[in-house]
Amino acid sequence: MHITVKTDACVGAGQCALVAGAVFDQDDDGIVVVLDPDPDVSEASAVLRAAALCPARAITVHE
Amino acid sequence: MARRHRIVIVGASLAGLTTAEALRAEGYDGEILLLGDEGNLPYGRPPLSKQVLLGDWDPEQAIFKSRQDLDDLRIQFRDLQPATGLDIGGRAVHTATEALDFDELVIATGTRSRSSWVEAGVQTLRTLDDAVSIRRAMRGPQRVAVLGAGILGSEIAAAGRTLGASVALIGRSSTITFGAVGGALSARLEELHEKHDVQLYLGRAVHGIAATADEFRVTFAGGGDHTADVVVAAIGGVPNVEWLEDSGLVLDDGVVCDARGAAAPGVYAVGDVAAWSDPVTGVARRVEHQSNAIEQAMAVAGTIVHDRTSPAPVPFFWSEIHGARIKAYGRFPAQHPLIVSDDSIADRPVLLSSDGDGRITGVVAWDAPPPAFRAARHLVDKAKEMQ
């Protein structure tokens, strides 16, 4: 899987960093930072949950 | 041949779309019909009063999914098909032109803007088209009056200042309310607005609005008035439930549901229109937050596909006003004062709502650094686990 993010949509809720901390972090303004754009399959369910819970829908997961 | 199992979702905004996506993510293989009525693909509302109003985004950037994306998920999207009635016994939703059979139904018809003065030319902000229209009206050296001193009113006022308008914010209450946090942030919000030259009229009920050829005169109940070129009302939403009036569902400021979002067997409601019962108190109440709509949609998909019960969502909402990012997580009973957390940075504090026994029920990050907000959220989750 491959992850892209729309940083101009991100509101810094931090849901992604809470749900999938190995893949997402936040910068000083709270904006999403992708630590691993091509994460291991073992992260798949956490990443999908992070994308679904993002209140700004800023995370896209590509197959 | 018998037709396939079918779920009809009425309302194609975030709650409806997320339900459809979550059904597929849970492995649902039947038909999904998603009915919309706005003439747009599903889009997000939070950017309307922020990026779209400021012109930082083209309106299309608020759209979540292309037709192709919906086709790929086998979601049959039917736009401009408002539901007109529901026959629960007959398992059918009616539109102006047809009856759509369903096995399960998800109601996600949301709210519309409340306004008593639309005939006078007062604008409201709910849809993508509204945002484009208000943006056009506010540009330049206009005098803008915003009615309603809540989150949306504050965002519109801030956008107006950024666009170069002179702005007045008018509220019936003597405080500025911040969603479920209530009036506890009012002093901070007043200071923020005043710093950015927003003229505040708080505790001023509007008596009437008179439109002349080129301006509006807003008169106050206690005397006095204010003149503006553009008036925008942000005084709350009304649930879209008229189409359900003869359905037999219980309607009381929204569609009354149990703690899993069921309004009747096989009939669910999600998002702004849905009043889910609190699992502890049993009180049914609507919650108009984006993250609530997402979590309710995911919970209902889990219930429909796997009969799973999800934990009640913890409210989370946010705003950006004059550049200050304000986030709130948890619950804020009116009797709890907001206390500044000890380890806060002075201008960017974390504020705590405590129940008196030291349990933190809610936290507000006022422009606070992200790690501080994440740590504070943990306090709320921990207190909830101990209940």
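Quick notes on the rules
- Residues numbered from 1 in each chain as written.
- Chains lettered and ligands numbered in written order.
- Predicted model: local features only at pLDDT ≥ 70, side-chain atom pairs only at ≥ 80, totals over all residues.
- Heavy atoms only, no water.
- Buried < 20%, exposed > 50% of the residue type's maximum accessible area, 1.4 Å probe, protein only.
- Helix = DSSP H or I, 4+ residues; strand = E, 2+ residues; numbered from the N terminus.
- Pairing = 2+ DSSP bridges.
- Right-handed = clockwise from strand over helix to strand, strands pointing away.
- Contact = heavy atoms within 4.5 Å.
- Buried area = accessible area lost by both parts, 1.4 Å probe.
- Salt bridge = Lys/Arg side-chain N within 4 Å of Asp/Glu carboxyl O.
- Polar contact = N/O pair within 3.5 Å; in protein donor to acceptor, adjacent residues only side chain to side chain.
- Axes fitted to C-alpha atoms, helices over the stretch in contact; angles between N-to-C directions.
- Left-handed = near helix turned anticlockwise from the far one by under 90°.
- Nonpolar A, V, L, I, M, F, W, Y, C, P; charged D, E, K, R; others polar.

Asker: Quick rundown of the pairing of strand S11 (residues 166-171) of chain B? Include the residues and the values.
Answerer: Residue and element names in this part refer to chain B. Extensive coverage of S11 is indicated by the burial of 5 of its 6 residues. Bridge analysis of strand S10 (residues 143-147) against S11 gives 5 bridges, and the strand direction is parallel. When the sheet's bridge partners are listed, Ala145 is paired in S11 with Ala168. One crossover worth recording links S10 to the parallel S11 by way of helix H5 (residues 151-162), and it is right-handed. Summarising the sheet, S11 and strand S12 (residues 198-202) pair through 5 bridges and their orientation is parallel. Its bridge partner being in S12, Val167 is matched across the sheet by Val198.

Asker: Any chance you could break down the interface of chain B and chain A for me, citing the residues and the numbers?
Answerer: Taken together, the contact between chain B and chain A spans 23 residues of the former and 24 residues of the latter. In total, about 1,900 Å² of surface goes out of reach between chain B and chain A, with carbon and sulfur atoms giving 51% of it. Between the two partners, chain B and chain A, sit 2 salt bridges. Residue Arg57(A) pairs with Glu21(B) through a salt bridge whose shortest N-O separation is 2.4 Å. Joining chain B to chain A, the criterion identifies 8 residue pairs in polar contact (both at pLDDT 80 or more). Sort the elements by how many residues they give to the side of chain B that touches chain A and helix H8 (residues 370-385) of chain B lands first, with 5 residues.

Asker: Which residues make up the side chain of Thr109(B), and what values go with them?
Answerer: Residue and element names in this part refer to chain B. Here Thr109 shows up in the loop between strand S7 (104-107) and strand S8 (111-113). Overall, the relative accessible area of 19% leaves Thr109 in the buried class. When near neighbours in sequence (up to four residues on either side) are disregarded, Thr109 contacts Val10, Asn240, Trp243 and Val273.

Asker: Can you explain the packing of helix H1 (residues 14-25) of chain B against helix H7 (residues 290-306) of chain B? Please cite residues and give values.
Answerer: Residue and element names in this part refer to chain B. Where H1 contacts H7, the two axes come as close as 8 Å, and the packing angle between them is 35 degrees. Crossing handedness for the pair H1 and H7: right-handed. Contacts from Leu14, Ala15, Thr18, Thr19, Ala22 and Leu23 in H1 reach Gln290, Ala293, Ile294, Ala297, Met298, Ala301, Ile304 and Val305 in H7. Looking at side-chain class alone, the contact of H1 with H7 contains 11 nonpolar, 3 polar and no charged residues.

None of this, on its own, says anything about what the molecule does.
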